[in-house]
Amino acid sequence: MADKPLPSMARRAGAAHVFLPKRVDPPLSKTFPPRWRPTPKLRLRTIPKWRLGRGGSSALFRPSKYGGPLAISRLPFRQVLKPAPPPGLVKPVSLGLFWRPAFPGACAKLVVQGPRPWEHGGAQRSFPGMGEAEEGSRGWTWRLPGAPVAAGVLCGALAVLVLLGVRDVLFLYEENRCSMTYMFEYPEYLKIKLPRKISRRYPAYELYLYGEGSYAEENRNLLLTGIPVLFLPGNAGSFKQVRSLGSIALRKAEDLDFKYHFDVFSVNFNEELVALYGGSLQRQTRFVHECIKVILKLYKGREFAPRSVALVGHSMGGLVARALLTLKNFKAELLTVVVTQATPHMAPVMPLDQYLTDFYTAVNHNWILKAQEIRNLTTLSVAGGFRDYQVRSGLAFLPRSNQPNCALSVVSSGVPRVWASTDHLSIVWCKELILATVRAFFDLIDENTKQITEDPHKRMLVLNHHFLRHPAKFLGEQPEPLSELTGALTWVQIKASKWSYTVYNESDGKYFTFPLSSHRKSYSHVHCQNNILDTHSWMFGCINSTSSMCLQGVDLTWKAELLPTVKVVTLKLQDYPSLTHLVLHVPAVNGNKFTLDCEFFNEASRTVQLPVTHLLSFGFSSSKIILNSTGLIHNIQLQHFGQIYQAFKIYVESHCQSFKERRSSVYRLHIPWSHEDSLTWSQVPSSTEISAKLHIAQPENDTTVPVLNIYSSSDCIYEVTLKTSFLQVLGQVIRFHGGIIPVYIISNILLAYGRQLKSLISTGQCSDFVPALTKAARPYKVEPVVNIIKFLLGLSSSLWLAVTRPSDLPPDNRLLTPRRLCVAASIVLLSWTTCGALAILITYSHYVFKVIKLHSNVRTELSVLNMSSKNSEQISDDSKKECGKSCESVDSIAEAATSSIGPSAIDRMVDSLRMHVTVINLLTWIVLLTCPSLIYWLKNLRYHITLDPDPYRFLALILIAILEILMNSNTTKVKSSKLLKIAVHLPFPSSVAVVAFTPMHLYRIPYFVIIPLFLHASCSIV
């Protein structure tokens, strides 16, 4: 007598039931040896209700090492039923398998050798909880529960990693160190009247002049005498964002008694969503061209009438400024300086339509092709850093051209006197950054023309001075070739190699001289720093001296660099062979503390190499170095740090010998191949944490190494520890590759879609979406083909991210009726006269509504079917007792589909329901990708009823026809179609094409998706 199944095993693992039209005699019970832990128990049980004839039976049970797969082979059964039982009266033989996996997510298999059992007596090929049978060399295989669990665990872990990366990008960044800008008087915006022709052509756009209080009243008559600056807002930006720039420029002019001043204009683009819809970018560009001509006409007849305009563009406004150079009738001499703030120059953040990507291609191609023609234009791009999660800083760098001396790209965290990351909006009002911009504008003024200088070399000097390396000197001060070191000051000679001087009150100035002849042989560099951040000259190289003093010297203060707490100078002695002494000037200090430090050193003794930890160390291992020598400067080279997916945390602990004075240490992470330095400063002794990650990967031919510069106190020892930050690594992956997640989602849905079409051919039934997705979503089938295509086409590499999600949906009976044709024609007309995305959304909603209605009908039929099944269960009470509680866990829909002997209406409805699950998933992503143009159309509906140009009008026409067929079709017609064998092979190449060709062009995804949908719809007709 066979043993009863263990309740605990049934509860833990569930039960799988295989229905075979055969009798296995006698019942077998087998317990495996104890060496297999935990011990699985297999019971083979028969409940014959119809005698099928004689036949021997033998079974071989083989457990795997880890609890699965379990194989049942050499299990013969009758191929022909003699006599054939009447339909509806045969109770199939039941084989119950109870198993417990050795580890969560283990997979088991049931293998039966012989012909197809489901072809005889109405047996089923697929069973609840087991999936479909797969034919192999050893027989037919059913996968038992375990694989879905493993797939669920894998997908859940992947989702957690994605969420952790998103959290790092959106929330874990440095605090906002920017100060808010304030207006001293009430801001006013004077609307500039445009010519009627321009107003009619661009009814949604306007031009304004910024002013405050009494200054705004003076500008009402438009008798302008300043220098014109035009502000261009970005995506959904307001023209009122100009107030920070305009207010600070006005206060700066007040400080100069209005010797020079700027007239700040602003364009109102009606807050258009140009980052989502690129059809209006060309229109905005043409309007800006008209505004420049209108602005220059306002100065006609003035004494110092401008011939050009300076542009400041935020976000997409900066791209529009560069796009002016693509216009046929635009003259390049109308622009002298273009400053962009957080503008994605390299590529769009989300390439959602063809017009957007074509616009980028035209602008960047023209930028490189016409580099010689625009060499007189100076362009500055300022990125926001890691706080700006909308536009990553790597996109904000200008494309490299043949004229590198006319363009500059920086990150705000490395800008002198800013040293802070800004988010996408605060970059417009960040006081420190706006002050740097306004100071640069005033330094660009030519005293002779009262306008911005036309000398491109001088313009680049000004931008480098304010945005790259600030020597704490006014740029207007022209450095003299030689400086006379005169005055009744005390001269003090210093012979030591390391020297420090601190004074609290110095009524008379002093000169300290360092003879270089005695140090050249022993040392290679000299480093000096002081903490008075004024603009006086304090360091000279003596070329004419007497025994006690220096008569003439070269001003070396211009070699200094301004840091948050000190000014520093590092000189290589070999570069100054003519200098005899180094002279330091200490001015008169009244009540202020003054500290001056100098030291001579060898570069090799202050430079150490620190290899970074491996990416997969997950922060458990670290690289550590102790800087034993006390000194003012240390350089730590971070070896093998050059990829954007690398991210580290650097811990710097300072241990000081003297605690009388708490001095500051400055830590600068210097990236030599791009201007993205970041600075951190703290009081010593202390423990400081520094994040190290990149905006731009190291170029292939670049051999430089990132360096951590430590500007330290002379009596401190530093311990530096570097660890991989796995959370920040995930953040870097999301920051650089998060935009292509929809690509891989749709690719996996297409693979599941192909799996369902194959099941229609092989079994005559459509599998559920989730099992099909679990089996088909295998990137190793897609990525090799994608890599080959990219290698052949020279495309860039991609990152594999697999994301899956399930949903539900169903179909109809009649295919086409006059009413349905009228509905389709109405939607087509709506698409042609308004917006294609609107028509797609309406068709999608119609599809969902019909499917939900059918789904409710299916559930109603199933409830009736369940009532009848309960009555039949009371009749076969003995068989239910032997089956056990495990039979009760079968899903009602799948049970109805699999327990029926012949095809029925409910089977066809369930099959169609499963197919529509995948179709709805694909359509959902198409709707999401087309929604941005719909939002843009709704926002501008009061100006234009028809979206022109419409990126999805043609797509809408095709999709409407396809969906009207699909929503009224069922799988019965599809199974009998001759085109099904062709349609089965299309989802896989479409999935490959999505991954290969759409990461940088998301708008192409719908076109690749509708190809298999078109064949599917054709199967319903042909």
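Refer to the structure printed above.
**Describing the state of the cysteines**
Per the stated rule, a full pass over the model turns up three disulfides. Through a disulfide, Cys 528 is tied to Cys 598; the S-S separation comes to 1.9 Å. Of note, the bridge from Cys 528 to Cys 598 carries an S-S torsion of about 115° and is right-handed in sense. Here the residue Cys 528 occupies a position in strand β24 (residues 525–530), and Cys 598 occupies one in strand β30 (residues 594–601), the gap between them amounting to 70 residues. By the burial criterion, Cys 528 is buried, and Cys 598 matches it. Between the sulfur atoms of Cys 542 and its disulfide partner Cys 550 the distance amounts to 2.1 Å. Torsion about the S-S bond of the Cys 542 and Cys 550 cystine: about 105°, corresponding to right-handed handedness. Take Cys 542: its relative accessible area is 0%, and that puts it in the buried class.

**Side note on helix α14 (residues 769–776)**
Residue pairs spaced three or four apart in an α-helix point in one direction, given the helix's 3.6 residues per turn. Residues of α14 that are buried include every one of Phe 769, Ala 772, Leu 773, Lys 775 and Ala 776, and no others. Buried residues in α14, looked at end-on, bunch into an arc of 165°, giving them a common side.

**Brief notes about the packing of aromatic side chains**
The full count for this structure, using the stated rule, is 23 aromatic pairs. For the pair Tyr 202 and Phe 287, a centre-to-centre distance of 5.4 Å together with 65° between the ring planes defines the contact as edge-to-face. Placement of the pair is Tyr 202 in the loop between α3 (196–201) and β11 (206–212) and Phe 287 in helix α6 (residues 281–298), with a sequence separation of 85 residues. With a relative accessible area of 0%, Phe 287 lands in the buried category. Ring geometry for Trp 491 and Tyr 511: centres 4.4 Å apart, planes at 25°, overall stacked. One end of the pair, Trp 491, is in strand β21 (residues 490–493); the other, Tyr 511, is in strand β23 (residues 510–515), with 20 residues separating them in the sequence. Comparing Trp 491 with Tyr 511 shows no difference in burial state: the two are buried. Taken together, the ring pairs in this structure connect Trp 499, Tyr 501, Phe 512, Phe 514, Tyr 523 and Phe 600 into an aromatic cluster. The aromatic ring of Trp 367 is capped on one face by Arg 322, whose charged end is 4.6 Å from the ring centroid. Between Arg 953 and the ring centre of Trp 832, over which it is positioned, the NZ or CZ distance is 5.5 Å.

**Details of the sheet that holds strand β25 (residues 539–545)**
The strand order across the open sheet built from six strands is β20-β26-β25-β29-β23-β21, with neighbouring strands paired in mixed fashion. Two strands bound the open sheet, and with one partner strand each, they are β20 (483–484) and β21. Relative to strand β26 (residues 550–555), β20 is paired through two bridges, and the arrangement is antiparallel. Among the inter-strand pairings, Ser 483 is bridged to a residue of β26, identified as Gly 553.

**Comments concerning unusual backbone geometry**
Residue Pro 949 follows Asp 948 across a cis peptide bond; omega there is 0°. Examined against the element boundaries, Pro 949 turns out to sit in the loop between α20 (905–939) and α21 (953–966). Of note in the backbone geometry, Ala 236 takes a positive phi value of approximately 60° without being a glycine. Positive phi values are uncommon outside glycine, yet Ser 315 reaches one of about 55°. When its relative accessible area of 4% is taken as the criterion, Ser 315 is described as buried.

Each value, and the rule that gives it
Residues numbered from 1 in each chain as written. Predicted model: local features only at pLDDT ≥ 70, side-chain atom pairs only at ≥ 80, totals over all residues. Heavy atoms only, no water. Disulfide = S-S within 2.5 Å. Helix = DSSP H or I, 4+ residues; strand = E, 2+ residues; numbered from the N terminus. Buried < 20%, exposed > 50% of the residue type's maximum accessible area, 1.4 Å probe, protein only. Arc of directions from axis to C-beta. Phe/Tyr/Trp six-rings, centres within 6.5 Å; stacked < 30°, edge-to-face > 60°. Lys NZ or Arg CZ within 6 Å of the ring centre and 35° of its normal. Pairing = 2+ DSSP bridges.

Nothing here speaks to function; it is all geometry.
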